[in-house]
Amino acid sequence: MSYAKPSDKFLASRGISLVKQLTVDQIDALKELINIGVGRAASLLNEMVGFPICLEIPFIQVFTVEDLQQELIARFNSNYLATVRLEFSGSINGSAELVFPTESASTLVSILTGEDLGSPDLDAVKIGTLTEVGNIVINGVIGSLGNLLKQRMNYLIPTYTEDTVENLFAAVEPDDSTIVLAQASFTIEQLQVIGDLIFIFELQTFDQLIAAIEEVA
Amino acid sequence: MISVLIVDDAAFSRRMIRKFLQADGYEIWEATNGKEALSIVRDRAPDCLVTDILMPDMNGFELIQTLKEQGLAIPTIIISADIQESSRQRGYNLGAAAFINKPPKEDELRQTVRQVFSF
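Fair warning: this is a prediction, and the values are worked out from it, not measured in the lab. (Residues numbered from 1 in each chain as written. Chains lettered and ligands numbered in written order. Predicted model: local features only at pLDDT ≥ 70, side-chain atom pairs only at ≥ 80, totals over all residues. Heavy atoms only, no water.)

Asker: How should the overall build of chain A be read in this particular structure?
Answerer: Each helix and strand in chain A was counted, giving eight helices and eight strands. When burial is assessed residue by residue, chain A has 53% of its 217 residues classed as buried. If you take every contact in chain A between residues at least 6 apart in sequence, the share linking residues at least 24 apart comes to 73%. Entry remark: accessible area of chain A is about 9,600 Å², with carbon and sulfur atoms responsible for 50%. (Helix = DSSP H or I, 4+ residues; strand = E, 2+ residues; numbered from the N terminus. Buried < 20%, exposed > 50% of the residue type's maximum accessible area, 1.4 Å probe, protein only. Contact = heavy atoms within 4.5 Å. Areas by Shrake-Rupley, 256 points an atom, 1.4 Å probe, with all protein chains shown as cover.)

Have a look at this one:
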């Protein structure tokens, strides 16, 4: 799958010069840090569900919110998704999301709780279970990033939402409509579960992330 | 009977921890945040606390700090998804007996609780 990348002209028109600031080595280092964190998160998810987790190499991209929405609709072939969002702040601000189709969400809860798919009890435990799974998985990545970069992260309480892709990202302010995105896709083949881990870094603090990477690289 | 208070806003995690600890025959109580936990501590004086960090109303660090300030010394084990070294260190600095990352492994959790009671 190919991904639309905003042109430099488009970015410049919005006062964004971030793409030019990122060298190949910086992108490589950031990708590796995300990779390490996602690997840890996959290990945690594997412990919970008991099936192997297949990971794709994460990619780093600068997206508009519209680009991100189109990308998610295309990847999951659905406009209605389940997400667990964890916002973080500190020397680096942003949010991380565990995103999957609602069918995958139900399958995961069924495996984790032992409730049958379609059972009324499944819905009752769904939100709490998935929120906690998202919390554990996202902490695995962001915490790993923080540990490697020696940067302290503070978290808000994670939230679970099922909604259209447009509504899920409606809260992003127009001024912040270009986002730095790190995306890692995973599959649990035996369960036919697919999902994405998405990290949105605020542009204002992204320079600090790059500076921290250069210190440890 | 030895009692353990599990403090976690996630029912999924409380259920998992309860299942592991019930195997060792402890009496289990549950709270969904630090405030609820404080109330149960005052009323029932549990022998051990097992607490999450990130919770609404009063988080795990605030709970441990408050217990200390009120002179309620209870052995406390933190079980958190937060894998940051700084969080682990903060937990130990506050006096936590152990810091375990989620999801907890059954053997590790049971062993840790047993160690708390062996001192």
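Asker: I tried to follow the UniProt feature "modified residue: 4-aspartylphosphate" (unreviewed entry) in chain B on my own but got confused; where do I start?
Answerer: Residues and elements named next belong to chain B. UniProt annotation of "modified residue: 4-aspartylphosphate" (unreviewed entry) refers to Asp52 when read in the numbering used here. Mapped onto the fold, aspartate 52 is located in the loop between β3 (48–51) and α3 (60–69). With residues up to four places along the chain from it excluded, the contact list for aspartate 52 reads Val7, Asp8, Asp9, Gly60, Ile79, Ser80 and Lys102. (UniProt positions renumbered as here; feature names shortened; annotations may be inferred.)

Asker: Any chance you could explain the packing of helix α2 (residues 34–44) of chain B against α3(B) here in plain terms?
Answerer: Pairs of packed helices are described in terms of their axes, by the angle between the two and the distance that separates them. Residue and element names in this part refer to chain B. At a minimum axis separation of 9 Å, α2 and α3 run at an interaxial angle of 30°. Here α2 runs over α3; the crossing is right-handed. Two secondary-structure elements touch here, α2 through Gly34, Ala37, Leu38 and Val41 and α3 through Leu63, Thr66 and Leu67. Here the contact of α2 with α3 is built from residues that sort into five nonpolar, two polar and no charged. (Axes fitted to C-alpha atoms, helices over the stretch in contact; angles between N-to-C directions. Left-handed = near helix turned anticlockwise from the far one by under 90°. Nonpolar A, V, L, I, M, F, W, Y, C, P; charged D, E, K, R; others polar.)

Asker: Any chance you could explain the interface of chain A and chain B here in plain terms?
Answerer: When the parts of a complex come together, some accessible area is lost, and that lost area is often used as the size of the interface. At the interface, 23 residues of chain A touch 19 residues of chain B. Buried surface at the junction of chain A and chain B, both sides included, amounts to about 1,700 Å², of which 59% is carbon and sulfur. Among the residues of chain A in contact with chain B, A:Glu132, A:Arg152 and A:Ile157 are the three that bury the most area, contributing 31% of the side total. Linking chain A with chain B are two salt bridges, by the criterion used here. With a closest N to O distance of 2.4 Å, B:Lys102 and A:Glu132 form a salt bridge. In this structure, the connection of chain A to chain B is made through seven residue pairs in polar contact (both at pLDDT 80 or more). Of all the secondary-structure elements, those providing two or more residues to the side of chain A that touches chain B are α3 (24–49), α5 (102–113), α6 (120–149) and β5 (153–155) of chain A. If you tally residues by element for the side of chain A that touches chain B, the top one is α6(A), at nine residues. The residue inventory of the side of chain A that touches chain B, partitioned by class, reads 10 nonpolar, nine polar and four charged. (Buried area = accessible area lost by both parts, 1.4 Å probe. Salt bridge = Lys/Arg side-chain N within 4 Å of Asp/Glu carboxyl O. Polar contact = N/O pair within 3.5 Å; in protein donor to acceptor, adjacent residues only side chain to side chain.)

Asker: I'm lost on the nonpolar core in this one. Help?
Answerer: Where a protein is soluble and globular, its nonpolar side chains tend to be buried together. Grouped together as the largest cluster of nonpolar side chains are 71 residues, with contacts concentrated most on A:Leu197, A:Phe199, A:Phe201, A:Leu209, B:Leu21 and B:Ile77. Of the residues forming this core, the biggest block, 11 residues, is contributed by α3(A). (Core = buried A, V, L, I, M, F, W, Y, C linked by side-chain atoms within 4.5 Å.)

Asker: Which parts of the structure should I look at to understand the confidence of the model for chain B?
Answerer: Interpretation of the predicted coordinates at a detailed level should be avoided for regions scoring low in pLDDT. This prediction gives chain B a mean pLDDT of 94; 99% of its residues lie at or above 70. Both scores are available for the predicted complex, with the pTM at 0.80 and the ipTM at 0.72. (pLDDT = per-residue confidence, 0-100.)

Asker: In this structure, what is going on with a negative patch on the surface? I would like to understand it.
Answerer: All names here are of chain A. Together, Asp25, Asp28, Glu32 and Glu214 make up a region of like negative charge exposed at the surface. Top contributing element to the negative patch by residue count: α3, with three residues. Since its relative accessible area comes to 43%, glutamate 32 is described here as partly exposed. (Patch = residues over 30% accessible without salt bridge, like charges linked within 9 Å, V, L, I, M, F, W, Y side chains within 5 Å. Lys, Arg positive; Asp, Glu negative; His and termini not counted. Charge placed at Lys NZ, Arg CZ, Asp CG, Glu CD.)

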